[in-house]
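Given next are the chains, with one letter for each unit.
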Amino acid sequence: MNGKQKQFYNLNSFEDIRDRFRNILKRAEKIVYINTNLDLFEFEKDFKKLKERGVRIILFSFNKMDYMSLGAETYIRDSFNLNITDSEKRIMIAVDSFAAIIASNYEGEFCGTYSENKLLVNIVREHIKNDIHLMKLENRFGKDMNKIITLDF
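These numbers were taken from a predicted model, which means no experiment stands behind them.

Q: Help me understand helix α1 (residues 14–27), please; the structure alone is not making it clear to me.
A: An α-helical turn contains 3.6 residues, so a residue and the one three or four places further along point in the same direction. The end-to-end C-alpha distance of α1, which contains 14 residues, comes to 20 Å, matching closely the 20 Å that a straight helix rising 1.5 Å per residue would cover. Considered for burial, the residues of α1 that qualify are Ile17, Phe21, Ile24 and Leu25. One side of α1 holds all its buried residues, which, seen down the axis, span an arc of 105°. In this structure, the buried side of α1 is in contact with β1 (8–11), β2 (31–36), α2 (44–52), β5 (90–95), β6 (99–104) and β7 (111–115).

Q: What am I meant to see in the packing of aromatic side chains here?
A: The final tally for this structure, using the stated rule, is five aromatic pairs. Here the aromatic rings of Tyr9 and Tyr114 are separated by 6.4 Å at their centres, their planes lie at 35°, and the arrangement is tilted. On the criterion of sequence distance, the pair formed by Tyr9 in strand β1 and Tyr114 in strand β7 is long-range, its members being 105 residues apart. Take Tyr9: its relative accessible area is 44%, and that puts it in the partly exposed class. By the ring-pair criterion, three or more aromatic residues cluster together here, those being Phe21, Phe43 and Phe47. One cation-aromatic arrangement involves Arg20 over Tyr114; the distance from NZ or CZ to the ring centre is 4.2 Å.

Conventions and cut-offs
- Residues numbered from 1 in each chain as written.
- Predicted model: local features only at pLDDT ≥ 70, side-chain atom pairs only at ≥ 80, totals over all residues.
- Heavy atoms only, no water.
- Helix = DSSP H or I, 4+ residues; strand = E, 2+ residues; numbered from the N terminus.
- Expected span 1.5 Å × (residues − 1).
- Buried < 20%, exposed > 50% of the residue type's maximum accessible area, 1.4 Å probe, protein only.
- Arc of directions from axis to C-beta.
- Contact = heavy atoms within 4.5 Å.
- Phe/Tyr/Trp six-rings, centres within 6.5 Å; stacked < 30°, edge-to-face > 60°.
- Lys NZ or Arg CZ within 6 Å of the ring centre and 35° of its normal.

Printed below as a string of structure tokens:
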């Protein structure tokens, strides 16, 4: 095996998640993928710095919010009718090919995982890209398309 396997680190509060998110945004060079239903406007200055450096920001959300001021390419899938006030929050981020965060408050308090493991980064990136592709298909063929392609497990 070449090199040391990258580890997974627990994030045990929203503050930990926010701090790690800001940290990896500072290191971004090419592209940032984000999937969230969090209010991201507290990161507006961070996003502005990314845009100034020429970093592409791709944001996917289920919230009907105007994210234009963030400077991100925004994709909103509103078929679930979620909004920013929903109690269950989540965030997934993949930065370039070097870092990922997955976090939620589904079990009460915010917790999550940070890693520079390439497999996790690729899984998060592909998940977000697939959400965007599915949204585009829904927009083209209608929301009933989900009934056709959904797998029952």
